[in-house]
Amino acid sequence: MTVKIMHKLALLSGIFFAFYSVKAQEVRGGKTEVPPVVLWGLSVYGGGIEPLAPFDFSEFWNRGVSFYLEGDLLLRNDMVLGLSFGYSRLPMDIVRFSRAKGISAAGSSIQGTAIGIGNMLLSFKGFEDYLLYRYRVGYEMGLGLYSMSNTQVYVEYWGTEVRAVSESLASAVGAFAGISFNFLVSETLQFSIKSRFHYVFLPAMPHQFADLLIGFTLL
């Protein structure tokens with residue numbers, strides 16, 4: 001259910017982005033009228049994700065990959081908000097997990113235990129000053145909706161066979177903060193390196209992870 005909701009929100013947001021990117025202002029009856037929200041930038045990011053806590057999460061899952069689609073929204077009061085949709089995947093270290101559980105990795109049925117993280121994030125990025133900088137440091141902080149799969153894995157014994165059983169899906173609200181280093185390539189293109197720290201309030205146990213991303217922004 002949560003995945004379907006996130007897909008619908010992503011579709012609506014895509015329509016929203018397309019509508020407001022057509023024009024930053026419109027003329028009605030000879031009077032210039034600024035819309036309440038304007039798509040100020042559209043970014044694509046890719047990079048890595050590092051599991052930090054709790055112990056099982058950081059010990060038994062390796063670094064993974066992350067991908068994000070993000071839009072910067074300029075409000076009428078010059079405030080800039082970021083709305084992004086992302087997906088990350090962290091593979092399990094099956095050998096380490098098997099040793100910790102006292103089982104043989106070769107004789108066990110441990111598969112499909114990679115953690116997938118889908119998220120929808122809304123962040124505050126400060127206020128726009130309408131200047132183009134060759135180099136710029138940015139920040140963001142905000143809240144998000146996270147959907148994580150396989151966050152808890154345990155083993156079951158079926159006669160001589162060992163199987164790994166995982167919790168299928170868990171959803172929760174989380175908070176995050178990040179910093180970015182931005183380099184202007186042209187008047188309409190920007191290259192960015194950013195890092196974010198995420199804290200997800202999962203019911204069983206909060207999870208923490210960080211990602212390091214590189215990407216391009218159409219201004």
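Coordinates for the structure precede this section.
Model, not experiment: these values are computed from the prediction.

Helix and strand content of the protein: three helices and 13 strands. With 219 residues in all, the protein has 42% of them scored as buried. Looking at the protein alone, contacts between residues at least 24 apart form 65% of all its contacts between residues at least 6 apart. As presented, the protein carries roughly 12,200 Å² of accessible surface, and 64% of it is formed by carbon and sulfur atoms.

Let us now look at the sheet that holds strand β4 (residues 64–75). Spatial ordering of the closed barrel is given by β3-β4-β5-β7-β8-β11-β12-β13, a layout of eight strands whose pairing is antiparallel. Mean inter-strand twist for the sheet, computed between neighbouring axes without regard to direction, equals 25°.

Where nonpolar side chains cluster on the molecular surface, the patch consists of Y135, V137, I179, F181 and F183 and spans about 500 Å² of accessible area. Only β8 (135–148) and β11 (170–186) provide two or more residues apiece to the nonpolar patch. By residue number, the principal contributor to the nonpolar patch is β11, which donates three residues. Structurally, Y135 is set in strand β8.

If you look at the biggest cluster of nonpolar residues, it comprises 22 residues, and the most contacted ones within it are W61 and I117. Going through the elements one at a time, β3 (37–53), α2 (55–60), β7 (115–127), β8, β11 and β13 (207–218) are the ones with two or more residues in this core. Listed in part, the six residues of the second largest apolar core include V37, L39, F85 and M120.

A few words on the side chain of K194. With respect to the helices, strands and loops of the structure, K194 is situated in strand β12 (residues 189–200). At 3.3 Å, the side chain of K194 forms a polar contact with the side chain of E70. Polar contacts involving the side chain of K194 include one to the side chain of E140, which spans 3.0 Å.

This part is about the pattern of salt bridges. The final tally for this structure, using the stated rule, is 10 salt bridges. Through salt bridges that share partners, E70, D72, K125, E140, K194 and R196 make up one connected network.

With the rule as written, the count across this model stands at 11 aromatic pairs. When the ring of Y135 is compared with that of F183, the centres are 5.8 Å apart and the planes differ by 80°; the resulting orientation is edge-to-face. Note that Y135 is positioned in strand β8 and F183 in strand β11, a separation of 48 residues in sequence. For Y135, a relative accessible area of 61% puts it in the exposed group.

Calculation rules
Residues numbered from 1 in each chain as written. Predicted model: local features only at pLDDT ≥ 70, side-chain atom pairs only at ≥ 80, totals over all residues. Heavy atoms only, no water. Helix = DSSP H or I, 4+ residues; strand = E, 2+ residues; numbered from the N terminus. Buried < 20%, exposed > 50% of the residue type's maximum accessible area, 1.4 Å probe, protein only. Contact = heavy atoms within 4.5 Å. Areas by Shrake-Rupley, 256 points an atom, 1.4 Å probe, with all protein chains shown as cover. Pairing = 2+ DSSP bridges. Axes fitted to C-alpha atoms, helices over the stretch in contact; angles between N-to-C directions. Patch = residues over 30% accessible without salt bridge, like charges linked within 9 Å, V, L, I, M, F, W, Y side chains within 5 Å. Salt bridge = Lys/Arg side-chain N within 4 Å of Asp/Glu carboxyl O. Core = buried A, V, L, I, M, F, W, Y, C linked by side-chain atoms within 4.5 Å. Polar contact = N/O pair within 3.5 Å; in protein donor to acceptor, adjacent residues only side chain to side chain. Phe/Tyr/Trp six-rings, centres within 6.5 Å; stacked < 30°, edge-to-face > 60°.

Without other data, these values stay purely geometric and don't point to any function.
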